[in-house]
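# Fold and geometry: a report
If you want the building blocks of each chain, they are given just below.
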Amino acid sequence: MPRGGSPTPMRPVAQGADGSWSSLSLGGLNGGTGWAGARALGCLRRKDRRTPPPCFRSRQLRGLQLPTRFRTRAASATVLVQPEVEELEPALSRPGQQVAEKNELGRLQYSLDYDFQSGQLLVGILQAQGLAALDLGGSSDPYVRVYLLPDKRRRHETKVHRQTLNPHFGETFAFKVPYVELGGRILVMAVYDFDRFSRNDAIGEVRVPMSSVDLGRPVLSWRELQAAPREEEKLGDICFSLRYVPTAGKLTVIILEAKNLKKMDVGGLSDPYVKVHLLQGGKKVRKKKTTIKKNTLNPYYNEAFSFEVPCDQVQKVQVELTVLDYDKLGKNEAIGRVAVGAAVGGAGLRHWADMLANPRRPIAQWHSLRPPDRMRPLPAP
């Protein structure tokens, strides 16, 4: 409901540095500081130190090296591991060595292998060392995003490791790609610093042209992180909370505020509002929307919407939020979207998992808007 309306939205919680949970008033009919007090803090612009719960033939291209041997499963013996050129340099030959002074971002250890039986590229994200500290406390909350260019939509992410510059990931991801097509792909492993209430900052990345890799045997390598290229135009961010009450089968979404939205009007502003869709099996089954905020790129809503979702269906639904620019004379244009749910992945999965791990408590989080035409189709359960 709009600010000053009824009913009074629920109270989102946030975890303090000492591990205790506190609630934040969202305002209501009786006045008081309400959500404005939390908004003055930039919608909880600080780190949440709680670890999120676990969930979950075309012609051969020129330049692709043929494998030295074929096999059905990757050999794991150390003697079969193929070092890259970087491994032969004394400055980077031992994992325990300190990162060179010239590398201020840190370095990443990864493994590569190709399963010819299943036609999958296996990418192992093992560990990182000497990462740049992006938090005020001199640490970071790193995780790694992995994808194969030119397809940036099919990506995997590791778990977030809290308050460390030397995380051990130990996770493996599979990309189903025909071997003859690998030569035209570039593997990107980007390291980010996770922030629940602000944009996740890029620490650095490693890019590996697959045409330069001999996958006849497993590859194990350390590589220094390089500065990530400048990202595409930002669409803005949205802050909302999720609350689920299992006994009542009730899911509540509170649209709190948005910031730095893309300019859509001639005057350099927008008239934004938010559509909230509940999806099941990839189909939209419920729809609600906020009020329209005129001439602003930083709208404040504080409006709550509830959906009936039984316990046996909560892992099968997703929530999609679309920010649109209202146009009185023409078609309303979408600025960006964000989705949360068990099948979404990334920040959307983390937010959903945190909600389920804290029943009856609203969990607030900032999300970066993604282009409307790049949203991944949500799979049917």
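All of these numbers come straight from a predicted model, not from anything done at the bench. (Residues numbered from 1 in each chain as written. Predicted model: local features only at pLDDT ≥ 70, side-chain atom pairs only at ≥ 80, totals over all residues. Heavy atoms only, no water.)

## Focus on the pairing of strand β19 (residues 363-368)
The cut-off we apply is this: With a 1.4 Å probe rolled over the protein chains alone, any residue whose accessible area is under 20% of its type maximum counts as buried; one over 50% counts as exposed, and the rest are partly exposed. Secondary structure is summarised from DSSP: a helix means a run of H or I of at least four residues, a strand means a run of E of at least two, and numbering begins at the N terminus for each. The criterion for strand pairing is that DSSP finds at least two bridges linking the strands in question.
Summarising burial for β19: five of the six residues are buried, a large majority. Where strand β12 (residues 237-245) meets β19, six bridges bridge the pair, whose relative direction is antiparallel. Bridge pairing in β19 places Ile 238 opposite His 367.

## As for unusual backbone geometry
Here the amide bond leading from Leu 149 into Pro 150 is cis, since omega sits at 10°, within 30 degrees of zero. Of note, Asn 295 is a non-glycine position whose phi angle comes to about 50°, a positive value. Within the secondary structure layout, Asn 295 lies in the loop between β15 (283-289) and β16 (300-308). Classification of Asn 295 by relative accessible area gives exposed; the value is 52%.

## Observations concerning the packing of aromatic side chains
We apply this condition: Any pair of Phe, Tyr and Trp rings, taking the six-membered ring for Trp, is counted once the centres come within 6.5 Å. Such a pair is stacked with planes under 30 degrees apart, edge-to-face with planes over 60 apart, and tilted for the rest. When the NZ atom of lysine or the CZ atom of arginine is within 6 Å of a ring's centre and also within 35 degrees of its normal, the charge is said to sit over that ring.
Per the counting criterion, the structure on display carries four aromatic pairs. Here Tyr 114 and Tyr 179 contribute two aromatic rings whose centre-to-centre distance is 5.3 Å and whose plane-to-plane angle is 65°, an arrangement assigned as edge-to-face. Linking Tyr 114 in strand β4 (residues 107-115) with Tyr 179 in the loop between β8 (168-176) and β9 (186-193), this pair joins segments that are 65 residues apart in sequence. Assessed through its relative accessible area of 11%, Tyr 179 is described here as buried. Between Tyr 143 and Tyr 192, the ring centres sit 5.7 Å apart and the planes meet at 20°, which makes this aromatic pair stacked. Of this pair, Tyr 143 sits in strand β6 (residues 142-149) while Tyr 192 is found in strand β9, placing the two residues 49 residues apart along the sequence. Across the pair, Tyr 192 and Tyr 143 agree in class, each one buried. Three or more aromatic residues joined by ring pairs make a cluster, and in this case those are Tyr 114, Phe 116 and Tyr 179. A cation over a ring is seen here: Arg 107 above Trp 222, with NZ or CZ 4.2 Å from the ring centre. Just above the ring of Tyr 143 sits the side chain of Arg 350; from NZ or CZ to the centre is 4.7 Å.

## Remarks on helix α2 (residues 346-357)
Owing to its 3.6 residues per turn, the α-helix aligns residues three or four sequence positions apart on the same side. Rules: A helix is expected to span 1.5 Å for every residue after the first.
Relative to the 16 Å expected for 12 residues at 1.5 Å per residue, α2 spans 17 Å between its end C-alpha atoms, a close match to the ideal helical length. Across the 12 residues that make up α2, a large majority, nine, are buried.

## Focus on the sheet that holds β6
What counts is decided by this rule: Axes here refer to lines fitted to C-alpha atoms; in helices the fit is confined to the stretch in contact. Angles between the N-to-C directions go from 0 to 180 degrees.
Spatial ordering of the open sheet is given by β7-β6-β9-β10, a layout of four strands whose pairing is antiparallel. Of all the strands in the sheet, just β7 (151-157) and β10 (201-209) have a single pairing partner and so form its edges. On average, each strand axis in the sheet is tilted by 25° relative to the strand beside it, whichever way the strands run.

## Things to note about the sheet that holds strand β17 (residues 317-325)
Note the following rule: Contacts: residue pairs with any heavy atoms within 4.5 Å of one another.
Spatial ordering of the open sheet is given by β15-β14-β17-β18, a layout of four strands whose pairing is antiparallel. Strands at the two margins of the open sheet, each flanked by one partner only, are β15 and β18 (333-341). This sheet shows a mean twist of 25° between the axes of neighbouring strands, independent of strand direction. Pairing analysis gives six bridges linking strand β14 (residues 272-280) to β15, with the strands arranged antiparallel. Across the sheet, Gln 280 pairs through a bridge with Lys 283, a residue of β15. Together, β17 and β18 form the strand contacts of α2, whose direction differs from that of β18 by roughly 50°.

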